[in-house]
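Observations on the three-dimensional arrangement
Next come the chains, spelled out residue by residue.
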Amino acid sequence: MANAQTLKAQRDKTLELTRSGPPARTSNPFFGVGPITDGTLDEVDARLLRFEFDNWLERNYRKLDDHGADLGPFTTAEVGRSMHRGYPADKFLTDMMREIHRYFEFPKANKMAVGLGGGHSGFTVCALHLVTANDPSQHVYVDTLRPESEAAKGGGFFRQSWGAQLIEMHRHARNGDESRIYFAEQEGAIPSADALEKMGAKLFIGVGHETTGATTYTAQDIANLIEWLNRNPAEHHAVLDATSMLGAMPWGEEAVKNVIDKCCMFMPFQKAIGGISGYFVVSFTPQALDLVEKNQKSPSWAIPRQLKIVAPVDPKRPLTGERTVNVGPIYDPAQDKMLGGVINTYSTLAFAETTFGLLRSEKRLGSVQDLYKRSVRNRAAVNDWVAKHPLFELGVAEPERRGAAVTLLRIKDADITDPAIHARIIARSKQVLAYEGITHPNGEHERGLDVARYVNAFPGTPGDYRAWIGGIRPPEDIDALLDNLEYAYLRAKILVLEEELAKLGETFPVSAGAGAGGERVRRDDSNRAYKVLVADLVGMRFNGKGEPDHQEVRRHIEAKGGVFHLGPILDEGALEKGRIHFFYQPDLSTEAEILPQTDKGQYDAVIAAATFLPKGSVFPLGGVRIGAGTGNMGSASWGGGSGIGGEAPLMNTPSFNSRATAQMAFKALLKVAPDLKVDELHRRVVAGEFDTGKHLRDFPTEKLEGRRVAVIGYGNIGRELAKLASAFGMRVAIHARARHKEWIESEGFEYAPTAEAAAEGAHVLTVHTGLGPLDAESGRFANQSLVGFDILDRLADGAVLINYDRGEVIDAEALDAALEKGKVSYACIDADLFRDAVDGTLSGPMVPYRKLERRHPGKLELLPHAAADTDHPSRVEGARQAIDQIFDVIHYGVVTNLKGDLPPGYSNAGARTVPGIGAVSAGDIARAVGDEEVLAQTRAASEALAAIWGALCATTDPQRRAALIERYGASLVQHTNRYAALVDRLGLKGPYAGT
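Throughout what follows, the structure given in this document is the object of discussion. If you're wondering where the values come from, they're calculated on a predicted model, not measured in any experiment.

Some points on the nonpolar core
Val114 and Met265 are the most contacted members of the largest nonpolar core, which has 60 residues in total. For this core, the leading source of residues is helix α4 (residues 89-103), giving six residues. If sequence neighbours within four positions are ignored, Met265 has contacts with Phe106, Leu240, Ala242, Met245, Met249, Val259, Ile260, Val281, Val282 and Ser283. Counting 39 residues, the second largest nonpolar core, distinct from the first, contains Leu130, Ile167, Ile181 and Ala288.

Considerations on the packing of aromatic side chains
Across all of its chains, the model carries 23 aromatic pairs by this definition. Judged by centre distance (5.4 Å) and plane angle (70°), the rings of Phe53 and Phe356 are edge-to-face. You can see Phe53 sitting in helix α2 (residues 43-60) and its partner Phe356 sitting in helix α14 (residues 348-365), a full 303 residues away along the chain. As far as the burial class goes, Phe53 and Phe356 line up, both buried. An aromatic cluster of at least three residues, connected via ring pairs, comprises Phe53, Trp56, Tyr61, Phe92 and Phe356. Looking at Lys63, its charged tip hangs above the ring of Phe74, at a distance of 5.8 Å from the centre.

Details of the pairing of strand β25 (residues 708-712)
In terms of residue burial, β25 counts as a mostly covered element, since five of its five residues are buried. By the alternation rule, side chains of β25 split into Arg708, Ala710 and Ile712 and Val709 and Val711, which are all buried. Summarising the sheet, β25 and strand β26 (residues 731-735) pair through five bridges and their orientation is parallel. Bridge assignment links Val711 to a residue of β26, and that residue is Ile734. Following the backbone out of β25, through helix α23 (residues 716-727) and into the adjacent parallel β26, one traces a crossover that is right-handed.

Describing the sheet that holds strand β4 (residues 139-142)
In spatial order, the strands read β5-β4-β6-β7-β8-β9-β3-β12-β13; together these nine strands make up an open sheet with mixed pairing. A strand with exactly one partner marks an edge of an open sheet, and here the two such strands are β5 (181-183) and β13 (337-338). Of the strand pairs in this sheet, β4 and strand β6 (residues 201-206) are connected by four bridges, and their pairing is parallel. Its bridge partner being in β6, Tyr141 is matched across the sheet by Phe204. Against the sheet, helix α7 (residues 156-172) makes contact with β4, β5, β6, β7 (237-241) and β8 (264-268), and its axis sits at roughly 160° relative to β5, the strand it touches most.

Observations regarding the packing of helix α10 (residues 219-231) against helix α11 (residues 253-262)
Across the interface, α10 lies against α11 with an axial gap of 10 Å and an inter-helix angle of 45°. As the angle between them shows, α10 and α11 are arranged oblique. In this structure, the crossing between α10 and α11 has a hand that is left-handed. Side by side, α10 and α11 meet where Ile222, Ile226, Leu229 and Asn230 of the first sit next to Ala255, Asn258, Val259 and Lys262 of the second. Class assignment of the residues belonging to the contact of α10 with α11 gives a composition of five nonpolar, two polar and one charged.

What about the sheet that holds strand β30 (residues 824-830)?
In a beta sheet, neighbouring strands are held together by backbone hydrogen bonds and run either parallel or antiparallel to one another. What the seven strands build is an open sheet, ordered β27-β26-β25-β28-β29-β30-β33; its pairing is parallel. Of all the strands in the sheet, just β27 (750-752) and β33 (860-863) have a single pairing partner and so form its edges. Neighbouring strand axes in the sheet, compared pairwise and without regard to direction, differ in orientation by 15° on average. Against the sheet, helix α20 (residues 658-670) touches β28 (764-767), β29 (799-803), β30 and β33, its axis set at about 155° to β29. Running at roughly 145° to β30, helix α27 (residues 812-820) makes contact with β29, β30 and β33 of the sheet.

Quick word on the pattern of salt bridges
Working definition: two side chains of opposite charge can pair if their charged atoms are close together. Evaluation of the coordinates by the stated rule reveals 62 salt bridges. One salt bridge in this structure joins Lys257 and Asp261, with 2.7 Å as the shortest N-O distance. Taken together, the positions of Lys257 and Asp261, both in helix α11 and four residues apart, correspond to about one turn of that helix. With relative accessibility at 48%, the residue Lys257 sits in the partly exposed group.

Observations regarding the side chain of His170
Along the polypeptide, His170 turns up in helix α7. A relative accessible area of 2% means that His170 is categorised as buried. With near-sequence residues (within four places) excluded, His170 lies in contact with Val131, Thr132, Ala133, Gly176, Asp177, Glu178, Arg180, Ile181 and Trp301.

Concerning unusual backbone geometry
Note the cis peptide between Tyr87 and Pro88, where omega equals 5°. Note on placement: Pro88 falls in the loop between α3 (76-80) and α4. In this structure, the amide linkage connecting Ala673 to the following residue, Pro674, adopts the cis form with an omega of 0°. Locating Pro674 in the fold gives a position in the loop between α20 and α21 (678-687). With a phi close to 70°, Glu148 is a non-glycine residue in the positive phi region. We classify Glu148 as exposed; its relative accessible area is 64%. Positive phi outside glycine occurs at Asp450, with the angle close to 55°. By the secondary structure assignment, Asp450 is in the loop between β17 (445-446) and β18 (465-468).

Cut-offs used in this document
Residues numbered from 1 in each chain as written. Predicted model: local features only at pLDDT ≥ 70, side-chain atom pairs only at ≥ 80, totals over all residues. Heavy atoms only, no water. Core = buried A, V, L, I, M, F, W, Y, C linked by side-chain atoms within 4.5 Å. Buried < 20%, exposed > 50% of the residue type's maximum accessible area, 1.4 Å probe, protein only. Helix = DSSP H or I, 4+ residues; strand = E, 2+ residues; numbered from the N terminus. Contact = heavy atoms within 4.5 Å. Phe/Tyr/Trp six-rings, centres within 6.5 Å; stacked < 30°, edge-to-face > 60°. Lys NZ or Arg CZ within 6 Å of the ring centre and 35° of its normal. Pairing = 2+ DSSP bridges. Right-handed = clockwise from strand over helix to strand, strands pointing away. Axes fitted to C-alpha atoms, helices over the stretch in contact; angles between N-to-C directions. Parallel < 35°, antiparallel > 145°, perpendicular 65-115°, else oblique. Left-handed = near helix turned anticlockwise from the far one by under 90°. Nonpolar A, V, L, I, M, F, W, Y, C, P; charged D, E, K, R; others polar. Salt bridge = Lys/Arg side-chain N within 4 Å of Asp/Glu carboxyl O.

Laid out in structure tokens, this is it:
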């Protein structure tokens, strides 16, 4: 190995090559022997596939009475514990054989045998039945190297096992003559028809392409084979290992058809199409089956019963009677039936899985011809990728012999000349590709990518990696696989170089952010005091002095390492460095008061609630609004209230006052509906003027249950009010943008495509849309006068109107008319009202409603936009979150609840809301998953529900269903309650926001 300086230079160069991190993942991590994949993307997809299989099986395999009437489905559990004879087992077997035969386009003349075991069993069945020691004229050509030849020894036992079995068969048979077996000089090569005839070959056995794991026949090889078969169809036979060939024959449509028609083919299906079953099938030409029958009239060796495809015609004479394939475990496509059953106990479910998997694969990927074409494209993609990546080369030198099912790759790294070091890097790279990962000499663990498992090359083949690339693989997986191979090699190379350097006494520190939690990297300056202006109240509850209490938020700041100051900055030089200082000035209000303290960036950041921050105020590190809307955050530092433009991030704390607003709005409803005259009843009871038996009938009322409420807007507050209404048994119709439809319906609410449709026949109308964007030309907001004549006229007579949103969203003139004619019986309005300190003039969106109250006394309740902002817990929790967001921005450059643009140099942490309010985020789910006890409880409840509902669905017999309900009814309801409670507790109901 090189000296330390060279090794460090190589390490630095390799580190730079992997600086951008891992490539895109493969869709499925299994690239081993055969695809052995069902094409699922992840564990969820795989579990859903299990349910899909259960449903498919239940639809297709039914119980029938003696008149053929349907009694319901067979279930997976029933099939799994049933016998493998009779109905429905025979149907499972026949269906599987039919679909395999059909999909791979075997001709109807070619029958297909089935047996237990894998590809080696299939080979053994073909060899024992087609090879004979009793016909001296039968010479056998095997397209693999002679066992124990110098060229073959490097391949180990597996690659020599085919030829060794054939030699042993002849060597130990009475009339055996192993000189009649000819072997290839090159793996997978097919001689010319003349050469095969010259050696007297009657049987061709093609396994060499499979033993290399990455080669295929050339078009000329196939032409040679077909020409030889055509010269004497009755006596020339070919049998091929089709494990890798199915769906990956790159020789053109006509050549493939000739191979399928004229060759016998054996294949293990757990490798060919995926699945768990250990069985094989063999397609036989009619001429090959004739040879089998002929050989069995004068057998050369005993064939184990479980491998036999011939059976006695007379079951009473198994030794001396006639034997025929016509009663063997063979499917006849012409008759669409099995000629006999499978010997030995097989897994009926495994056969069902094959049929299901094949039909699903066809639906997902297309015909076998589509697989052939895709495999050729995938092979070309490998060639193209390797041509652009000089670190790699293809193990198979001849382009035409490169397999369309498997690729063989090797590394040619000029830095690594020691074979032992090379082998170590390759071995370690496979740990990176899999799930194990690697641990560096400094103790830093690098997690495995889990993108490519079992990519080992066969012994003796020219390659470091072997991977399945056949037609079952999506094309995008090819580049993803190869990119990950390169990345894994480079990461493993870094590790091995570090191990070599460690031997020389050179070590490296743990990289920043490494460790169990992948901690954030601090970016704040320890030599600087950071200053944050708090320009609004952070608590609404009064303390002992009758003042709003800020102590809860102060304690939160100090617990996080910050410093709390009452009042403005007095002596900046005295501020402790390396800490964040919060200056609490809740009485700031006017531009004249704010600008002198903020116009030169005196504060790094700001927290505000209702205070309007003028455009000229400067906060270079950002601002947070306590609440959802940011219209008052006018500073140009982030581009104004929209947060678009500027250099600092604008954030908010949505959802803290959502429940308070919704509850206050619902309280307004409950004051008038149900319309029981509580005050009068109270007065008469106190006065002793009421007789329940005589007077109660004079006070009829109607409950809220069953009444229709129209909610306009599906934001945090609208959704919370919808939940409250639903809890009272009201019918909830929500109008929002169409993208919310599936989420609204998923919560059990009605989706209304228009506000008019929501209002149709509604007894209550409540608006929660906000004003929307301002149109610069018209000077009007998008939702201004949203609720007008047309919407109000659609309400049920005597409806209640609630506007705890923005006063401007209701057309006051239309409301006046609705109140006049009784369409609206009561209106509850919560809107801003401002009073000029000098002349007492009133302004704001509440002004027109004051006029309506005078016109319709007793029909309106007016509040000065106080419903949410006066809630103490909401204000405190919002302020705490604002503090957290400021700390994240200054310490780590991480922005939570971003509004508008993300400035350069910052990272977006997504949304954070109160559990259960607003859209569910990925972070919400991550927090739920982080609690192992809750995760286990949620899984147990959901799996119990899936099991019970699945069983009830699969059982059609009313008595059986009744028995299941009796046995599991309590469990079903208990787990339903538990699951619903867990979902509510974790805040996982509602729309999904992603990040």
